[in-house]
Number of protein chains: 2
Amino acid sequence: MSNGVKGLAELSCPTPLVVRDTILLGHGSGGTLSAELLHDIFLPAFQNPELSRLNDQAIVSVNGSRIALTTDSFVVKPLFFPGGDIGSLAVHGTVNDLAMGGATALFLTVAFIIEEGLAMDVLRRVVSSLQRAAADAGVKVVTGDTKVVEKGKGDGLFINTTGIGVVAEGIELSADRARAGDIVLLSGPIGEHGIAILAQREGLEFESTITSDSAALHTLTAEMLKASSEIRCMRDPTRGGLSSALNEIAAQSKVGIELDESAIQVREEVKGACEMLGLDPLYVANEGKLVAIVDPAVTGKVLAAMRSHRLGGQAQVIGRVTAKNLGLVTMRTQLGTTRIVDMLAGDQLPRIC
Amino acid sequence: MSNGVKGLAELSCPTPLVVRDTILLGHGSGGTLSAELLHDIFLPAFQNPELSRLNDQAIVSVNGSRIALTTDSFVVKPLFFPGGDIGSLAVHGTVNDLAMGGATALFLTVAFIIEEGLAMDVLRRVVSSLQRAAADAGVKVVTGDTKVVEKGKGDGLFINTTGIGVVAEGIELSADRARAGDIVLLSGPIGEHGIAILAQREGLEFESTITSDSAALHTLTAEMLKASSEIRCMRDPTRGGLSSALNEIAAQSKVGIELDESAIQVREEVKGACEMLGLDPLYVANEGKLVAIVDPAVTGKVLAAMRSHRLGGQAQVIGRVTAKNLGLVTMRTQLGTTRIVDMLAGDQLPRIC
């Protein structure tokens, strides 16, 4: 930055001391390395206003309509897990990315990359689950593609879903709209999806099965937007967890975010698994939760709308937006100290979605 | 079929004698096995009118606008080849699928699945080529996604591009619109992309380098549509080659298609390579050619428009649509005999796009 002050982009995405010349697993983590890739390679190449807002969806104008677009590839391993599978996840992830922009999802495209030798029955089960999830979320799969790669050149099945939706006039949700004084809301307990996947993958057994929270959040966001249009932005804290979602908002909005640890819920069994595995739930992926930044004047209305929805029954105020510590997320711990909640640096849980 | 006549779907997509219980490379070929997968698994699951027209793009209505959608994953090997790379191919393929529906491409989403260990420089070159191709084709990359899989669980780089475009009122191009008497036009010589990839992959040397024909065809299709709106349908004969594209049209339109072998151009070096490798150019992929079915009354106008465009300079009438041999493509050979041109059965050239 020309004024000599350490810039926000640098704070949230430090210049690497060692130039990385190959792709690491962490480049797909949703954390610091992903941000590096974005800032070093993708943003300079494709610079345009839609992309540089860094939302989970782009909103473009087509013949005067506001169309939302989002794309996601799913490489989750294993393909089936408690609470879902790669098919339902591929629908929920994309419907949610549209919902976070205030869009109503209308259509999906679906593209499969299949490894030679995949059992036909596995494909059939995944397709049927994907279709059910799409029907439940009110989106239509209108076109698709299938590619097959040789055995050993893929890993069973990868799915890309791209979603198209419409955004009503007057709705303006964007990660760069948070302002000092705003309130941070979280729709429920965190960490379930990541731990469910990890437990299934590693064959870990806990006292009770931990189930992914994978769900389509479009009706929850619709209720929230009906309660108030003074919502600044919403994010579903997937890869990189709650911490990465909030760090992105802090960086994009050039604000600080101060969390209250005691307000962030984590189910006992998830907490136990995290302790055992040395994981911090703030960095573990969710697939059916959202975080919202709202004008303080409407906090009550929005919170009530969330709590009256089955996917937001445990919604809480978890923090506030501040004019200090710009670009940073901090947390008042249960011990009364304050710590910085960084973005995820490496990749604690690869192939979680 | 209830009338006891062998149905068209059965003709173009025979019921397998042995039920296949695993995915084979041929399921990604664009030929018979791909059609099986479509008819056995995808169409029954996602049944809706947009999908069942089986065009390369779906045309949907959003707030009264006609929006075209198409998705494609690219798994081409090697990543760089004479005439292009996976980045430019991912743009051309998707822009062309939109153009074949008469759509003007507006926006692209791009999703990368990267194998851990890919050289950062390779990614940088691909992204820069993708961006150049997008700028040349007048489309904007507005949102994206990156996933990384472990070494040995991918193959360098896979790219999905999804394209969104608009279709003007009055344009109705669809594979089910061919009628007996229509004329079949082909924009130039065939087989170049497939042979260029194969030669590069296998380290084959020919007297002169064979270069992929990879190109964005949107300005060619625009000129053709300006010349006449009486174009029934257009297809870019990619995976599965000219034969598969025409077989799909014959099946969807319930017509016969009769080709004249002497009118189908194949460059000498491609012909030589095909003979050496035991390949039939009718089944080899193209990435910068199109086949169009047109009303006989406008053949001259459309052909002139094609020939005046740099990508259609060698356009030819290659056949006609008939009311006999319904669902079949036949060819009058240079020896004066007639043979059936089937869909590709296995996969003669995997990972060509």
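Scoring rules and cut-offs
- Residues numbered from 1 in each chain as written.
- Chains lettered and ligands numbered in written order.
- Predicted model: local features only at pLDDT ≥ 70, side-chain atom pairs only at ≥ 80, totals over all residues.
- Heavy atoms only, no water.
- Helix = DSSP H or I, 4+ residues; strand = E, 2+ residues; numbered from the N terminus.
- Rg over C-alpha atoms; globule rule 2.2 N^0.38 Å.
- Buried < 20%, exposed > 50% of the residue type's maximum accessible area, 1.4 Å probe, protein only.
- Contact = heavy atoms within 4.5 Å.
- Salt bridge = Lys/Arg side-chain N within 4 Å of Asp/Glu carboxyl O.
- Pairing = 2+ DSSP bridges.
- pLDDT = per-residue confidence, 0-100.
- Expected span 1.5 Å × (residues − 1).
- Buried area = accessible area lost by both parts, 1.4 Å probe.
- Polar contact = N/O pair within 3.5 Å; in protein donor to acceptor, adjacent residues only side chain to side chain.

Moving on, we get to the overall build of chain A. Counting its regular elements, chain A contains 10 helices and 14 strands. A compact globule built from 353 residues should have a C-alpha radius of gyration of about 20 Å, and chain A, at 20 Å, falls within 12% of that. With respect to the three principal axes, the spread of C-alpha positions in chain A is 55 × 50 × 45 Å. Residue burial in chain A is summarised as follows: out of 353 residues, 63% are buried. If you take every contact in chain A between residues at least 6 apart in sequence, the share linking residues at least 24 apart comes to 82%.

A few words now on the pattern of salt bridges. Inspection of every chain in the model, using the stated rule, returns 45 salt bridges over all chains. As a salt-bridge pair, B:Glu150 and A:Arg351 come within 2.7 Å of each other at their nearest N and O atoms. Of this pair, B:Glu150 sits in the loop between strand 6 (140-149) and strand 7 (157-167) while A:Arg351 sits in the segment after strand 14 (338-340), each in a different chain. A:Arg351 shares its class with B:Glu150; the two are buried.

Side-chain direction in a regular strand flips from residue to residue, so the side chains alternate between the two faces of the sheet. All names here are of chain B. Because side chains alternate across strand 11 (residues 291-294), one face comprises the buried residues Val-291 and Ile-293, and the other comprises Ala-292 and Val-294, equally buried. By the bridge criterion, 4 bridges tie strand 8 (residues 183-186) to strand 11 in an arrangement that is antiparallel. Bridge assignment links Leu-185 to a residue of strand 11, and that residue is Ala-292. Pairing geometry for strand 9 (residues 231-235) and strand 11, over 4 bridges, is antiparallel. Residue pairing across strands places Ile-231 opposite Val-294, the latter belonging to strand 11.

Here we take up the confidence of the model for chain A. All names here are of chain A. Across chain A, the average pLDDT comes to 92, with 94% of residues at 70 or higher. A low-confidence stretch, residues 1-18 stays under pLDDT 50, and its non-local contacts, those more than four residues away or across chains, total 17 contacts. Both scores are given for the predicted complex: the pTM is 0.93, the ipTM 0.92.

With that out of the way, let us pick up helix 5 (residues 120-136) of chain B. Residues and elements named next belong to chain B. Over its 17 residues, helix 5 runs 24 Å from end to end, which matches the ideal 24 Å to within 8%, given 1.5 Å per residue. For helix 5, the complete set of buried residues consists of Met-120, Val-122, Leu-123, Val-126, Val-127, Ser-129, Leu-130, Ala-133 and Ala-134. Phi for Gly-138, located one or two positions after helix 5, is positive at around 70°.

Bringing the interface of chain A and chain B into the picture now. Contact residues are listed per partner, giving 74 residues for chain A and 74 residues for chain B. If you sort the residues of chain A by the area they bury against chain B, A:Ile23, A:Phe46 and A:Met120 come out on top, with a joint share of 10%. The tally of links between chain A and chain B comes to 10 salt bridges. For the interface between chain A and chain B, the tally reads 27 residue pairs in polar contact (both at pLDDT 80 or more).

Tracing the chain through its elements places B:Asp21 in the loop between helix 1 (8-12) and helix 2 (32-45). A relative accessible area of 56% places B:Asp21 in the exposed class. In contact with B:Asp21, other than residues within four places in its own chain, are A:Leu118, A:Ala119 and A:Met120.

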